[in-house]
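# Structure assessment
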Amino acid sequence: MKRTPTAEEREREAKKLRLLEELEDTWLPYLTPKDDEFYQQWQLKYPKLILREASSVSEELHKEVQEAFLTLHKHGCLFRDLVRIQGKDLLTPVSRILIGNPGCTYKYLNTRLFTVPWPVKGSNIKYPEAEIAAACETFLKLNDYLQIETIQALEELAAKEKANEDAVPLCMSADFPRVGMGSSYDGQDEVDIKSRAAYNVTLLNFMDPQKMPYLKEEPYFGMGKMAVSWHHDENLVDRSAVAVYSYSCEGMVCSAKKQPCPEEESDDDSHFEGRDPDIWHVGFKISWDIETPGLAIPLHQGDCYFMLDDLNATHQHCVLAGSQPRFSSTHRVAEVEFEWLRQFWFQGNRYRKCTDWWCQPMAQLEALWKKMEGVTNAVLHEVKREGLPVEQRNEILTAILASLTARQNLRREWHARCQSRIARTLPADQKPECRPYWEKDDVSMPLPFDLTDIVSELRGQLLEAKP
Ligand code: DGR
Ligand code: NI
């Protein structure tokens with residue numbers, strides 16, 4: 001079932017189309033390290049994007065992390081997600097797993113992932129396999145390392161910004177003590193830096209391009225095949241950083257492909273080579289900007305990049321596929337939110353493979369939810385009670401109608417998501433389960449799953465009562 005796009009979504013889509021129209025059939029310019037202006041543009045327009053090449057990370061950590069990726073892959077812990085983008089159900093070409101603090105979740109593209117817990121101090125997590133336990137511990141170790149690197153990078157950025165601020169001519173600021181202008185002395189900066197680097201989850205990604213022949217072409221710059229289209233990361237703590245460890249399995253690239261083609265060389269724009277399609281890259285652009293060139297940053301085995309401060313809000317990024325398989329570990333400060341039960345069961349039984357951590361919390365949550373059904377039922381009885389003053393009845397009716405309507409809409413949307421054609425193609429252990437769900441004749445449930453009749457009855461009562 002198709003959801004009607006919101007006004008905001010329609011406007012965004014129209015704006016995107018206008019941008020694409022403006023381009024007609026020319027590409028926008030983008031830069032790679034082969035271009036002379038590359039580093040200058042990076043420093044000028046993308047200063048909050050940081051790259052730490054593989055050589056800056058210890059060989060031991062590389063080895064451990066890369067083994068951990070392969071272990072999780074071997075145990076079948078990564079899954080393609082059945083996400084929902086602008087009302088469409090899509091299976092991502094990238095497989096993923098979320099690892100992080102026990103009880104944490106991360107929602108992206110309308111899909112909430114639940115952490116396979118990593119063994120934080122004081123926890124006592126059980127794993128079905130010693131190898132999976134070791135892998136989770138490794139990603140916690142990588143998390144600690146990337147957190148330290150992020151704090152250092154944020155401190156350098158703050159120092160750089162401070163230096164720029166101090167370079168502002170004194171006449172513009174002499175009368176004003178510098179308070180509330182970013183350069184405070186109360187240690188708030190330090191607190192902000194720490195909290196914006198306090199990664200609580202990592203979202204692991206994997207894709208083998210040779211097994212994914214239908215990748216989209218990058219539409220604005222002609223950067224080639226994308227594993228992940230242009231986007232902002234969602235549901236992160238405001239201005240928090242994202243740190244990425246990139247593990248592309250290089251070293252098997254066919255060198256015969258590297259012969260230049262003579263005809264193409266004689267072309268007018270032969271000086272513009274573009275990015276190497278065998279190498280994985282991360283692409284960056286400024287949102288709604290077609291003046292500033294985009295960047296394609298090559299990512300070799302073990303390279304790390306960091307998105308600091310508001311970079312994720314002001315810029316979009318995409319992942320450009322190379323020719324070899326690639327893993328990445330993307331460390332984030334996920335926001336805490338709700339909406340868990342349906343999200344969890346929608347993902348079938350995939351979590352069982354790596355952890356049983358969520359069994360008990362989900363059972364508990366479902367029991368509480370069931371109590372809530374009982375309470376909803378009690379409220380509906382109260383509205384019908386004889387002798388209830390009209391004002392009071394209307395007050396209750398108005399208060400519950402909105403939430404019951406929302407509840408009904410969400411139930412319908414999730415029921416449809418579970419029934420989608422693409423959902424039916426998934427293997428048994430990943431098949432979406434619509435839960436909670438119950439049939440009309442289920443005597444253990446006080447109210448029906450489908451609230452359509454109840455909602456329209458309440459609407460009628462409210463109209464009736466209004467003069
Ligand atoms: O280098 C990488 O593998 C980058 C991965 C990446 O950009 N992930 N982004 C997300 O997972 C994402 C997508 C949409 C909304 N929120 C997060
Ligand atoms: Ni992203």
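Right above here is the structure, for reference.
The structure contained in this document is the topic of the report that follows. (Residues numbered from 1 in each chain as written. Chains lettered and ligands numbered in written order. Predicted model: local features only at pLDDT ≥ 70, side-chain atom pairs only at ≥ 80, totals over all residues. Heavy atoms only, no water.)

### Looking at the overall build of the chain
Going by this rule: Each helix corresponds to a stretch of at least 4 residues labelled H or I by DSSP, and each strand to a stretch of at least 2 residues labelled E; elements are numbered beginning at the N terminus. The rule is simple: take the accessible area with a 1.4 Å probe, protein chains only, and divide by the maximum for that residue type; under 20% is buried, over 50% is exposed, in between is partly exposed. Contact definition: two residues touch when any of their heavy atoms are within 4.5 Å. Here, Shrake-Rupley sampling with a 1.4 Å probe gives the accessible areas, and only protein chains in the shown set may cover a residue.
On a plain count of helices and strands, the chain comes out with 12 helices and 15 strands. For the chain, the residues scored as buried account for 46% of the 467 residues in total. Counted over contacts in the chain with a minimum sequence separation of 6, partners at least 24 positions apart contribute 78%. Of the roughly 25600 Å² that the chain leaves accessible, carbon and sulfur atoms contribute 55%.

### Some thoughts on the side chain of R342
Spelled out, the test is: For this analysis, a polar contact is any N or O atom pair within 3.5 Å, provided that within protein one partner can donate a hydrogen and the other can accept it, and provided that sequence-adjacent residues contribute only side-chain to side-chain pairs.
Looking at where R342 falls in the secondary structure, it is placed in helix α8 (residues 341-346). Engagement of the side chain of R342 in a polar contact is seen with the backbone oxygen of P436, the distance being 2.9 Å. Sequence-distant contacts of R342, that is, excluding residues within four places in its chain, are made with R411, W414, C434, R435, P436 and F449.

### Considerations on the packing of aromatic side chains
Heads up, the condition is: Under the pairing criterion, centres of Phe, Tyr and Trp rings, with the six-membered ring standing for Trp, must be within 6.5 Å; the plane angle then separates stacked pairs below 30 degrees from edge-to-face pairs above 60, leaving the rest tilted. Only when the NZ of Lys or the CZ of Arg is both within 6 Å of the ring centre and within 35 degrees of the ring normal is a charge said to sit over the ring.
Under the counting rule described, the total for this entry stands at 25 aromatic pairs. Centroid distance W340 to W358: 5.5 Å. Interplanar angle 70°. Geometry classified as edge-to-face. Taken together, the positions of W340 in the loop between β15 (326-332) and α8 and W358 in the loop between α8 and α9 (359-384) put the pair 18 residues apart, joining distant regions of the chain. One aromatic cluster is present, built from ring pairs that chain together F114, W340, F344, W345, Y351, W357 and W358. The cationic tip of K285 hangs over the ring face of W230; the distance from NZ or CZ to the ring centre is 5.8 Å.

### Details of the pairing of strand β11 (residues 281-286)
The following threshold applies: At least two DSSP bridges between two strands are required for those strands to pair.
Taken across its six residues, β11 has six buried, putting it largely inside the fold. Neither face of β11 is left uncovered, since the one carrying H281, G283 and K285 and the one carrying V282, F284 and I286 both have all their residues buried. Note: β11 against strand β12 (residues 294-298), four bridges, orientation antiparallel. When the bridges of β12 are listed, H281 appears paired with P298. Taken together, the six bridges between β11 and strand β14 (residues 315-320) define a ladder with antiparallel strand orientation. Across the sheet, residue V282 finds its bridge partner in β14, namely V319.

### A closer look at the coordination of the nickel ion (ligand 2)
Short version of the rule: Metal coordination here is assigned from N, O and S atoms located within 2.8 Å of the ion, or within 3.2 Å for Na, K and Ca; omission of water means that sites may look incomplete. Angular criteria define each label, namely tetrahedral for four donors with all angles between 85 and 135 degrees, square planar for four and octahedral for six donors with opposite donors over 155 degrees apart and remaining angles between 65 and 115, and irregular for whatever fails these tests.
Looking at the nickel ion (ligand 2), one finds its protein donor set to be H231 (NE2), D233 (OD) and H317 (NE2), positioned 2.0 to 2.1 Å from the metal centre. Between the six donor atoms coordinating the nickel ion (ligand 2), the angles at the centre fall across 28 to 171°, so the site counts as irregular. Donor residues for the nickel ion (ligand 2) sit on one chain with the sequence pattern H-x1-D-x83-H. Judged by its relative accessible area of 22%, H231 is partly exposed.

### Here we look at the packing of helix α3 (residues 59-74) against helix α4 (residues 130-166)
For any two helices packed against each other, the geometry comes down to the angle between their axes and how far apart the axes lie. Definition in use: Between the N-to-C directions of two axes lies an angle of 0 to 180 degrees, each axis being a line fitted to C-alpha atoms and, for a helix, fitted only over the stretch in contact. If an angle is under 35 degrees, it is roughly parallel; if it is over 145, roughly antiparallel; if it lies from 65 to 115, roughly perpendicular; otherwise it is oblique. For a crossing to be left-handed, the near helix must be turned anticlockwise from the far one by less than a right angle; the clockwise case is right-handed.
Contact geometry for α3 and α4: axes closest at 9 Å, N-to-C directions at 135°. When the interaxial angle is binned, α3 and α4 end up oblique. α3 and α4 meet at a crossing whose hand is left-handed. Of α4, the residues touching α3 (which contributes L61, E64, V65, A68, F69, T71, L72 and K74) are E131, I132, A135, T138, F139, K141, L142 and Y145.

### Observations concerning the state of the cysteines
Operational definition: The term disulfide is used for any two cysteine sulfur atoms that are within 2.5 Å.
Counted by the stated rule, this structure contains one disulfide. Between C77 and C354 runs a disulfide, and the two sulfur atoms are separated by 2.5 Å. Of this pair, C77 sits in the loop between α3 and β3 (79-85) while C354 sits in the loop between α8 and α9, and the two are 277 residues apart along the sequence. According to the relative accessible area criterion, C354 is buried, its value standing at 2%.

### Things to note about the pattern of salt bridges
How we decide: Within this document, salt bridges are pairs made up of a side-chain nitrogen of Lys or Arg and a carboxyl oxygen of Asp or Glu, the two lying within 4 Å of each other.
If you walk through the whole model with that rule in mind, you get 26 salt bridges. Among the ionic pairs, R350 bridges to D81, the shortest N-O distance being 2.8 Å. Taken as a pair, R350 in the loop between α8 and α9 and D81 in strand β3 lie far apart in primary sequence, 269 residues in all. One exposure class covers both R350 and D81, and it is buried.

### Quick notes on the nonpolar core
The cut-off we apply is this: Nonpolar cores were defined as sets of buried Ala, Val, Leu, Ile, Met, Phe, Trp, Tyr and Cys residues, with membership established by side-chain atoms within 4.5 Å.
Counting residues in hydrophobic clusters, the biggest one holds 45 residues, and the most contacted among them are W42, L49, F284, L295, I297 and Y305. For this core, the element with the highest residue contribution is α8, accounting for four residues. Setting aside chain neighbours within four positions, we find F284 in contact with Y46, L49, W230, G294, L295, Y305, M307, L311, Q316 and H317. Of all hydrophobic cores here, the second largest spans 42 residues; its members include V57, V65, I97 and I193.

### Structural notes on the sheet that holds β12
Consider a sheet: its strands pair through backbone hydrogen bonds, and that pairing is either parallel or antiparallel. On the basis of which strands lie adjacent, the open sheet formed by five strands has the order β1-β12-β11-β14-β9 and mixed pairing. The open sheet has two edge strands with one neighbour each: β1 (30-31) and β9 (226-231). Where helix α2 (residues 38-45) meets the sheet, it contacts β1, β11, β12 and β14, and its direction lies at approximately 110° from that of β12.

### With respect to unusual backbone geometry
With an omega of 0°, the peptide bond running from R435 to P436 counts as cis. Inspection of the secondary structure assignment puts P436 in the loop between α11 (421-424) and α12 (452-465). At N110, a residue that is not glycine, the phi angle is positive and equals roughly 65°. Tracing the backbone shows N110 in the loop between β5 (105-108) and β6 (111-114). Located in the positive-phi region is D309, a residue other than glycine, with phi close to 55°. Topologically, D309 is positioned in the loop between β13 (304-307) and α7 (311-314). Judged by its relative accessible area of 12%, D309 is buried.

### Let's talk about the site of ligand 1
To keep it simple, the criterion reads: For this purpose, a residue is taken to be near a molecule or strand whenever a single non-hydrogen atom of the residue falls within 4 Å of it. The nonpolar class holds Ala, Val, Leu, Ile, Met, Phe, Trp, Tyr, Cys and Pro. Asp, Glu, Lys and Arg form the charged class, and all remaining residues, Gly among them, are polar.
In the vicinity of ligand 1, 15 residues are found, and the nearest of them are H231, E234, Y305, R326 and S328. Side-chain polar atom of Y106 to a nitrogen atom of ligand 1: 3.5 Å apart, as the coordinates give it. H317 places a side-chain nitrogen or oxygen 3.0 Å from an oxygen atom of ligand 1. Bound to the protein, ligand 1 loses 97% of the 430 Å² it would expose on its own. For the shell around ligand 1, the elements supplying multiple residues, two or more each, are β5, β8 (201-207), β14 and β15. With three residues, β15 is the largest single contributor of residues to the shell around ligand 1. When grouped by side-chain class, the residues that make up the shell around ligand 1 number six nonpolar, five polar and four charged.

The values reported here are purely geometric and, on their own, carry no functional implication.
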